[in-house]
Amino acid sequence: MSDSKHIVAVFGGAVSGAEAAFQLAEKGIKTIVFDQNTLPYGKIEDGLPKWHVKLRDKEEGRINDKLSHPNVSFVPQVKLGEDIDFEDIARNWGFSAVLLAIGAWRDRPLSIPDIDKYVHKGLYYQNPFIYWFNHKHEPDFQGQSFEIKDETIIIGGGLASLDVAKVIMFELVQKALAEKGHDVNLFTLDRSIAKVLDSLGYTLEDLGIKGCTLYYRRRIKDMPLSPLPTDTPEQLEKAQGVREKILNNYQSKYLFNMAPCHVPVDKIVEDGQLVGLVMQETKIENGKVIPIPGSEKEVRGPVV
């Protein structure tokens, strides 16, 4: 047990919160970990699509190990700002420090004025979308539902956006194959949509599918897809090559479209529904995204 006089409050028990609590605990500092959910797994639980079974189990095991340290106490179902006031806990509860490790449980909105007026009206965010995908098969599921549509526009560039592209392509292909009498499960498609279609003698065009398109503000080699270090020019070049290989592998297997160096600058609305975005091309100079004047164009799609 601890001999330290310090006690630290950590809000968020998932990857970063569990790691912070463990590091403090190893130094003899008592840590109280608060989480808004019953379980501390955050986006490991419902941010990962359901085909990531082994990865989810592995990461949840790591969190369990760290939170089971004798100097760590876990307190579930506590929402900061609702159940506990931040100023109160920081000033009056006797903690030496308060650490916020709340992660990405809420989606970052698009930087377009009034865009969130069109949530559920052509605009959807990743967190509720993946939650639906993970739970829609449950007989008692009563959450928000999503209709998968071809030519969906995806804005992003990290692994989460690739998961969204995979979900959309899985759903489109699975439905189209079912209509032709082929029952193909998710885990078979996860190995490779391209190989499944090839084995059945189909192309996306045969199925009437054009596919979703992922728009990213930077170049493909800038996508945050690999944890490789980038501290030296040599490391950066190697990491960029790996990123390009990862993206190429995803596209060759899951057949979605990719449009790098595009940033959304405005919305296209018709009859109160979001029907697309105005995209502007970009260039990268000294690591910064530079919009190209006069390159704006309308990109239409049934869902963003």
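Just so it is clear, the model here is predicted, and its values are computed rather than measured.

Cut-offs used in this document
Residues numbered from 1 in each chain as written. Predicted model: local features only at pLDDT ≥ 70, side-chain atom pairs only at ≥ 80, totals over all residues. Heavy atoms only, no water. Patch = residues over 30% accessible without salt bridge, like charges linked within 9 Å, V, L, I, M, F, W, Y side chains within 5 Å. Areas by Shrake-Rupley, 256 points an atom, 1.4 Å probe, with all protein chains shown as cover. Salt bridge = Lys/Arg side-chain N within 4 Å of Asp/Glu carboxyl O. Helix = DSSP H or I, 4+ residues; strand = E, 2+ residues; numbered from the N terminus. Pairing = 2+ DSSP bridges. Axes fitted to C-alpha atoms, helices over the stretch in contact; angles between N-to-C directions. Contact = heavy atoms within 4.5 Å. Buried < 20%, exposed > 50% of the residue type's maximum accessible area, 1.4 Å probe, protein only. Core = buried A, V, L, I, M, F, W, Y, C linked by side-chain atoms within 4.5 Å. Parallel < 35°, antiparallel > 145°, perpendicular 65-115°, else oblique. Nonpolar A, V, L, I, M, F, W, Y, C, P; charged D, E, K, R; others polar. Expected span 1.5 Å × (residues − 1). Arc of directions from axis to C-beta.

The subject of this paragraph is a nonpolar patch on the surface. Taken together, the side chains of Leu80, Phe86, Leu100 and Ile102 present a nonpolar region at the surface, about 350 Å² in accessible area. Position of Phe86 relative to the elements: it lies in helix H4 (residues 86–92).

Here three strands make up an open sheet; going across it, the order is E5-E6-E7 and the pairing parallel. The outermost strands of the open sheet, each flanked by one partner alone, are strand E5 (153–155) and strand E7 (257–259). With direction set aside, neighbouring strand axes in the sheet form an average angle of 25°. By the bridge criterion, three bridges tie strand E6 (residues 213–215) to E7 in an arrangement that is parallel. In the strand pairing of E7, Thr213 is matched with Asn257. Relative to E5, helix H6 (residues 159–179) is tilted by about 165°, and along the sheet it contacts E5 and E6.

Adjacent strands of a sheet form backbone hydrogen bonds with each other and so pair up, either parallel or antiparallel. Spatial strand order, E3-E2-E1-E4: four strands in an open sheet with parallel pairing. Of all the strands in the sheet, just strand E3 (72–75) and strand E4 (97–100) have a single pairing partner and so form its edges. In this sheet, adjacent strand axes meet at a mean angle of 20° when their direction is disregarded. Sheet topology note: the strand E2 (residues 30–34)/E3 ladder contains four bridges and is parallel. In the sheet register, Thr31 faces E3, and the bridge partner there is Val72.

Our focus in this paragraph is the environment of Met279. Examined against the element boundaries, Met279 turns out to sit in strand E9 (residues 273–285). Classification of Met279 as buried rests on a relative accessible area of 0%. The spacing of Met279 and Lys221 is 58 residues in sequence and 20 Å in space, taken between C-alpha atoms. Apart from residues lying up to four places away in sequence, Met279 is in contact with Ile155, Tyr215, His262, Val263, Pro264, Ser295, Glu296, Lys297 and Val299.

Under the definition given, this model contains nine salt bridges. With its nearest N and O atoms 2.9 Å apart, the salt bridge here joins Asp190 to Lys166. With Asp190 in helix H7 (residues 186–191) and Lys166 in helix H6, this pair connects stretches of sequence that are 24 residues apart. On the accessibility criterion, Lys166 (4% relative accessible area) is buried. Across the pair Asp222 and Arg219 runs a salt bridge, and its minimum N-O distance is 2.8 Å. For Arg219, a relative accessible area of 30% gives the class partly exposed. What you see here is one network of salt bridges that share partners, running through Glu270, Glu298 and Arg300.

Phe129, Val173 and Phe256 are the most contacted members of the largest nonpolar core, which totals 39 residues. At 11 residues, H6 tops the list of elements feeding residues into this core. With residues near it in sequence (within four places) discarded, Phe129 still touches Phe146, Ile148, Val164, Val167 and Ile168. Grouped together as the second largest cluster of nonpolar side chains are 15 residues, Val10, Val33, Leu48 and Ala101 included.

Running from amino to carboxyl end, H6 crosses helix H9 (residues 233–254) at an angle of 10°, the nearest separation of the two axes being 11 Å. For the element pair H6 / H9, the angle class is roughly parallel. Between H6 and H9, the residues in contact are Leu159, Leu162, Lys166, Met169 and Phe170 and Leu247, Tyr250 and Tyr254, respectively. Residues of the contact of H6 with H9, tallied by class, amount to seven nonpolar, no polar and one charged.

Take helix H1 (residues 15–26) next. A rise of 1.5 Å per residue sets the reference length of H1, with its 12 residues, at 16 Å; its end C-alpha atoms lie 17 Å apart and thus fit the reference within 8%. Burial in H1 covers these residues: Gly17, Ala18, Ala20, Ala21 and Ala25. Buried residues in H1, looked at end-on, bunch into an arc of 165°, giving them a common side. If you follow the buried residues of H1, they end up packed against strand E1 (7–11), E2, helix H3 (53–67), E3 and E4. A positive phi of about 85° marks Gly28, the residue just after H1.

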